[in-house]
Amino acid sequence: MSYDASPPPTYPWLPPAAPEPTARRRPLREPVGHHSDLRILRGAYRRQRRVATLTALGYFTLFLILSAFAPSLMTSRITDGLPTGLLLALLQLPVTWLAIALYERTARSYVDPIADRIRKQSELDARRGAAR
């Protein structure tokens, strides 16, 4: 009876063996991928999308609900020959422009400064990594 000195077989359902730990110095600061500014940036983008989407779709949904459940209001006339429904339909374009303006404003005031700060920090991290 002979014993084979080969390593034990690996099975696909077993996790891979953990690599041997190496002695490394811990960085002074976490790299950008683990930075809390990324969570703040994601939240700012999320808020920005919600405000713009709810502005445009909210108005359109209100228009559809009024068309379905308040036909007498939508067919009533504001002036001679201009029904309320037509006026509300024509107002959809300015409301869409308002949603775009809100999106741009929130981008400039909230999202862009955070993205610029993260971009500058990542450039610093790249320079520090190249210097090592």
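Residues numbered from 1 in each chain as written. Predicted model: local features only at pLDDT ≥ 70, side-chain atom pairs only at ≥ 80, totals over all residues. Heavy atoms only, no water.

Draft legend 1. Focus on the pattern of salt bridges. For the structure on display, the rule yields three salt bridges. Notably, a salt bridge pairs Arg108 with Glu104, separated by 3.0 Å at the nearest N-O pair. Pair noted here: Arg108 and Glu104 are both in helix H4 (residues 92-131), with a separation of four residues, about one helical turn. By relative accessible area, which is 57% here, Arg108 ends up exposed. For Glu104, a relative accessible area of 39% gives the class partly exposed. Measuring nitrogen to oxygen at the nearest pair gives 2.6 Å for the salt bridge that ties Arg119 to Asp116. One end of the pair, Arg119, and the other, Asp116, are both in helix H4, three residues apart, so they sit about a helical turn from each other. Classification of Arg119 as partly exposed rests on a relative accessible area of 45%. (Salt bridge = Lys/Arg side-chain N within 4 Å of Asp/Glu carboxyl O. Helix = DSSP H or I, 4+ residues; strand = E, 2+ residues; numbered from the N terminus. Buried < 20%, exposed > 50% of the residue type's maximum accessible area, 1.4 Å probe, protein only.)

Draft legend 2. The arrangement of the side chain of Thr106 in detail. As for its position among the elements, Thr106 is in helix H4. Excluding its chain neighbours within four sequence positions, the residues that come into contact with Thr106 are Gln48 and Val111. (Contact = heavy atoms within 4.5 Å.)

Draft legend 3. The arrangement of helix H1 (residues 36-69) in detail. For H1, which comprises 34 residues, the first-to-last C-alpha distance of 47 Å matches the rise-based estimate of 50 Å (1.5 Å per residue) to within 8%. Along its length, H1 shows its largest kink, about 25°, at Leu54. Among the residues making up H1, those that are buried are Asp37, Leu41, Gly43, Ala44, Gln48, Ala52, Thr55, Ala56, Tyr59 and Phe63. Along its buried surface, H1 packs onto helix H2 (71-75), helix H3 (84-90) and H4. (Expected span 1.5 Å × (residues − 1). Bend = angle between axes of the 7 residues up to and from the residue.)

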